[in-house]
Amino acid sequence: MLIADAIQKSPIRQLGTDPKTMLKPGRFGAVVADPGMGKTSLLVQLGLYALLNGNPVLHISLNDPVHKVSLWYKELFRHFVRKYAVEVAADVWEAVQCRRFIMTFQVEGFSVPKLRERLTDITEQGIFTPSILMLDGLRFDEGVSEILEAMRALCETMQWSVWFTAAGTPEARAVLKNDPFDVVLGLRMEDKTVRISVEKGGGGPVDLCLDPDTMLIQRFMGRAE
Amino acid sequence: MEKRIDNVRNIGISAHIDSGKTTLTERILYYTNRIHAIHDVKGKDGVGATMDSMELERERGITIASAATYCEWDGHQINIIDTPGHVDFTIEVERSLRVLDGAILVLCAVGGVQSQSITVDQQMKRYNVPCIAFINKCDRSGANPNRVIQQLQEKLGHNAVSLQIPIGIEGDFEGVVDLIRMEAVTFSGQNGEFVQRGPIPQAVQAEAAEAREQLLDAVSAFSDELTEAILEERDIPVPMILEAIRRGTLQRRLTPVLMGSAYRNKGVQPLLDAVVHYLPCPSDVENTALDMENDEAPVRLVPDSDLPVAALAFKLEDGQYGQLTYIRVYQGMIAKGSTIVNARTGKKVKVGRVVRMHANQMEDIEAIPAGYIGALFGIECASGDTFVSPGSRLTMTSMFVPKPVISLSIVPKDNKSQINMSKALNRFTKEDPTFKAHYNEETNETIIEGMGELHLDVYVERMRREYNAEVTTGIPQVAYRETITQTAEFNYTHKKQTGGAGQFGRIAGYLEPCEEDFVFDNQITGGAIPTQFIPSCEKGFRQCLAKGPLMGFPVTGVKVVITDGASHAVDSSDMAFQAAARGAFQEGYRKARPVIHEPIMKVAVETPTEFQGAVMGLLNQRRGMIVGAQDEGQFCVIESHVPLAEMFGFSTVLRSATQGKAQFTMEFLTYKQIPQSVADQLAKKAAETKKHAA
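Residues numbered from 1 in each chain as written. Chains lettered and ligands numbered in written order. Predicted model: local features only at pLDDT ≥ 70, side-chain atom pairs only at ≥ 80, totals over all residues.

Asker: What is the right way to read the interface of chain B and chain A from this model?
Answerer: By a widespread convention, an interface's size corresponds to the accessible area lost as its parts come together. Listed per partner, the contact involves 16 residues of chain B and 19 residues of chain A. Of all the elements in the fold, those that place two or more residues in the side of chain B that touches chain A are α5 (145–155), α14 (612–621) and β36 (625–632) of chain B. If you tally residues by element for the side of chain B that touches chain A, the top one is β36(B), at seven residues. Its residues assigned to classes, the side of chain B that touches chain A comprises five nonpolar, seven polar and four charged. Sheet topology places strand β3 (residues 100–104) of chain A next to β36(B); three bridges connect them, and they run parallel. (Contact = placed C-beta atoms within 7 Å. Helix = DSSP H or I, 4+ residues; strand = E, 2+ residues; numbered from the N terminus. Nonpolar A, V, L, I, M, F, W, Y, C, P; charged D, E, K, R; others polar. Pairing = 2+ DSSP bridges.)

Structure, rendered in structure tokens:
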């Protein structure tokens, strides 16, 4: 199977044709779940899917070092290729890597002006210009509304859409109800399976879950034995 | 020599460049009474640290060869291998780790877990070496041991648990709090030789209590008794904690963290205690050999001196009295006058002098018992050879040796230099398997190959200093390779009839890309090519690998499958089939879409954040693919994959672009196809060289 066919057949398409088209430029999406459910793996798959569709992705992690984020992408790509028996030309993974840029910040060191400064360094030299951002590990607590406001201003100017991960706290859920979050995907444990649900926006209900072995998104086939 | 195996520790000290491991080793030797004065790396007294025995090492302030030494502490014998910190010399680190039972991972309290530490940690994982961490330079401005512990956990995935907290930090660093005994440990005397234990200062009492709780919590996972004692709120005896930490460390599920400042003579003695308490003795570690008589089945080695010998030569040095072979005895005992067999060559060797090394001085001993490290004199062997008792067919697993990625041509200035140069190359290539040398007849130059610019630089410098061989060096050349990208068939007939005996051979089959360097598969049935000529065919194909038809680079990743052929009763010969194979290879190769591959290096640049943009620009200009940028507060680390061909002179450019504040490490990552534009340039260059040669 060719990679393009695999993308067409992959259940991730239930979520939309492309994570980029799910969100309009300047709009936000989020993956919300309790710790340990697989937020990062879902976010990375959204990123990977966007990359395979040819969109440049900037992945910002506030928890993991660069090599770990890189490993997430590599592993999930490997599982994807194996699961769909894709015949991959050697340059597909190359192209994916070239379209991706990983930035890590310490949680306490993250601020939008700092991000803007670091991004300007890269975009001005023509090294990398993203069209979609993945921001993993932002704490949705007291100071988050200011960060989101600044982020919104930046993304509206630059025409970027952003996917966040958020812990399933009441505070976070309250923030995600508001503008500019258009799409919210949830992960919850149901009968020993991590189910994916569309909590806000998107194209309607989905029957997806995460494969416990590979963390790949797959169709939910009924109750686990 | 003390024979109790429980009291032996074979340890290594591994770390990033400039983390201070040579300084630390110097202090260890001083406190264990092996040396009687302390000399610093690049010290004003011009003596240099004891372990940096080579003149060049002292001058550059780096450690090149791992000098082995031994010392005694608290009734225990500690064999220490001081390992180089620069990535270009990783073969030394790999070889040391192969023979060690445990290691001290030295980290800088300011720099934290740096890229080299990650490489070293991966090597430790590969050889399953338990380790303890020592956070050095706590007296430096910007020191933050807690951040380093956090990095150990996050970046390296260690279950790092602090056994100490600092008393004061940076300029006020005075000593440490021992969280196991809940005592303050300070150091006095001119060289910190007196250790004082006393009550914990008021200012850090609360912090110490909290840190001890965390320690006990982490350690209790390895001892049920300890868990019970904690739950029942009983007094916890010190040996119980020590035992639990040791258990966790040996399983590599816990990394005890100690701290101090070797340069200021603080915290070294508790580190020695920790080596004795937590790192394994030879019998704690399972070592295996392969039984050649039993289809290479793994055999467990027992550190018992009465059993047949199994020992590994892990380092060679050519001294004034002949070759010195560093050896680790895993089983049995190598005594003066005994006979051992080199498992690779099958040659019997009589053991002459047996010595124990202390940097560049040595002590004569009678024997090296099981579990010990020592050195033998006058034994002819290569690095990585196994020695066994006569009759035994064991061999130690071979060590992972990376292939060279860079080459440099050298031409001796005069006749005397030529003789000295060949002596030097003979020694270096024997000592270091990643360093290779050969003579190129076409260009009349000697080519040396290695793992990086610095690696080759050091050897050229050593030739000059130690052998008085003046050489001129050429421009470093990248080790390009050729390979094929698709399956292609061949059907070639070699026919010659020009008087005298004729030559005839036909070979048919196909070439296909594969993972290994070269695979030859004979699928001929029915004797289309007589069996005696099959090796000739393989030989012919192999001859083509050294110089690829595309641009003359070595060919790798080719599988040759022969399926058919023809022979002639009179005219077919070994020569005819070799020639036929060469023709067949040329025919198939052209159709198999050959491409050029180049070595790609993993480059990590640590730079102050204000230069991030500039550094990324530099990497980008060099066809680098930037993987990401990691924020580390004042610093950031940019990780990228850059072709080696673009990295020459990078250190100079980087220094001038960042006011000398950035540093980088580089190691081989993989081979990748070169872009068409670069291939065109290479082809143009090759054509020019050919023109000049003609």
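Asker: Explanation requested: the nonpolar core in the structure shown.
Answerer: Soluble globular proteins tend to pack their nonpolar side chains together in the buried interior. Core analysis: the largest hydrophobic core is formed by 117 residues, its most contacted members being A:Ala30, A:Val31, A:Val162 and B:Ile638. When residues no more than four places from it in sequence are discounted, the contact partners of A:Val31 are A:Lys39, A:Leu42, A:Leu43, A:Trp163, A:Thr165, A:Leu185 and A:Leu187. (Core = buried A, V, L, I, M, F, W, Y, C linked by C-beta atoms within 7 Å. Buried ≥ 20, exposed ≤ 12 C-beta atoms within 10 Å, placed from the backbone.)

Asker: Which parts of the structure should I look at to understand the environment of B:Ala160?
Answerer: All names here are of chain B. By the element assignment, Ala160 lies in strand β6 (residues 160–162). In sequence terms Ala160 and Leu254 are 94 residues apart; their C-alpha atoms lie 6.1 Å from each other. In this structure, Ala160 is in contact with Ala133, Ile149, Leu152, Gln153, Thr255 and Val257, ignoring residues within four places of it in sequence.

Asker: Explain the pairing of β3(A) to me, please; I cannot follow it from the model alone.
Answerer: Across a regular strand the side chains alternate sides, sitting on one face of the sheet and then on the other. Residue and element names in this part refer to chain A. With five of five residues buried, β3 lies mostly within the body of the structure. Residues Arg100, Ile102 and Thr104 line one face of β3 and the alternating positions Phe101 and Met103 line the opposite face, and both faces are buried. As paired strands, strand β2 (residues 57–61) and β3 are joined by five bridges and run parallel to one another. Counted as the bridge partner of Val57 is Arg100 from β3.

Asker: Just to check I follow, could you spell out the sheet that holds strand β33 (residues 518–522) of chain B for this structure?
Answerer: By definition, the strands of a sheet pair up through backbone hydrogen bonds, in either a parallel or an antiparallel sense. Residue and element names in this part refer to chain B. Spatial ordering of the open sheet is given by β31-β32-β34-β33, a layout of four strands whose pairing is mixed. In this open sheet, the two edge strands, each paired with only one partner strand, are β31 (488–496) and β33. The mean angle between the axes of side-by-side strands here comes to 25°, regardless of whether they run parallel or antiparallel. In this structure, β31 lies alongside strand β32 (residues 503–513), joined through nine bridges in antiparallel fashion. The partner of Tyr492 across the bridge, within β32, is Ile507. Taken strand by strand, helix α12 (residues 534–545) contacts β32, β33 and β34 (558–566), and its axis lies near 155° from that of β33. (Axes fitted to C-alpha atoms, helices over the stretch in contact; angles between N-to-C directions.)

Asker: Even after reading the chapter, I still don't get helix α4 (residues 66–83) of chain A, so can you show me in this structure?
Answerer: Three- or four-residue spacings in an α-helix give side chains the same orientation, since the helix completes a turn every 3.6 residues. Residues and elements named next belong to chain A. In this model, α4 (18 residues) spans 26 Å end to end at C-alpha, consistent with the 26 Å of a helix rising 1.5 Å per residue. Those residues of α4 that fall on the buried side of the exposure criterion are Val66, His67, Val69, Trp72, Tyr73, Leu76, Phe77 and Phe80. Just past α4, the residue Ala85 takes up positive phi, approximately 45°. (Expected span 1.5 Å × (residues − 1).)

Asker: In this structure, what is going on with the sheet that holds strand β8 (residues 175–178) of chain B? I would like to understand it.
Answerer: Residues and elements named next belong to chain B. Spatially, the four strands line up as an open sheet ordered β7-β8-β9-β10, and their pairing is antiparallel. Among the strands making up the open sheet, the edge pair consists of β7 (164–167) and β10 (194–198). Along the sheet, successive strands turn relative to each other by an average axial angle of 30°, direction set aside. Pairing analysis gives four bridges linking β7 to β8, with the strands arranged antiparallel. What sits directly across from Gln164, in β8, is Asp178.

Asker: Explain the environment of B:Glu639 here, please?
Answerer: Along the polypeptide, B:Glu639 turns up in strand β37 (residues 635–643). Judged by the 22 C-beta atoms lying within 10 Å of it, B:Glu639 falls in the buried class. Sequence spacing of B:Glu639 and B:Val603 is 36 residues, and the spatial spacing of their C-alpha atoms is 6.0 Å. Each residue touching B:Glu639, except ones within four places of it in the same chain, is listed here: A:Val66, A:His67, B:Ala604, B:Val627 and B:Gly628.

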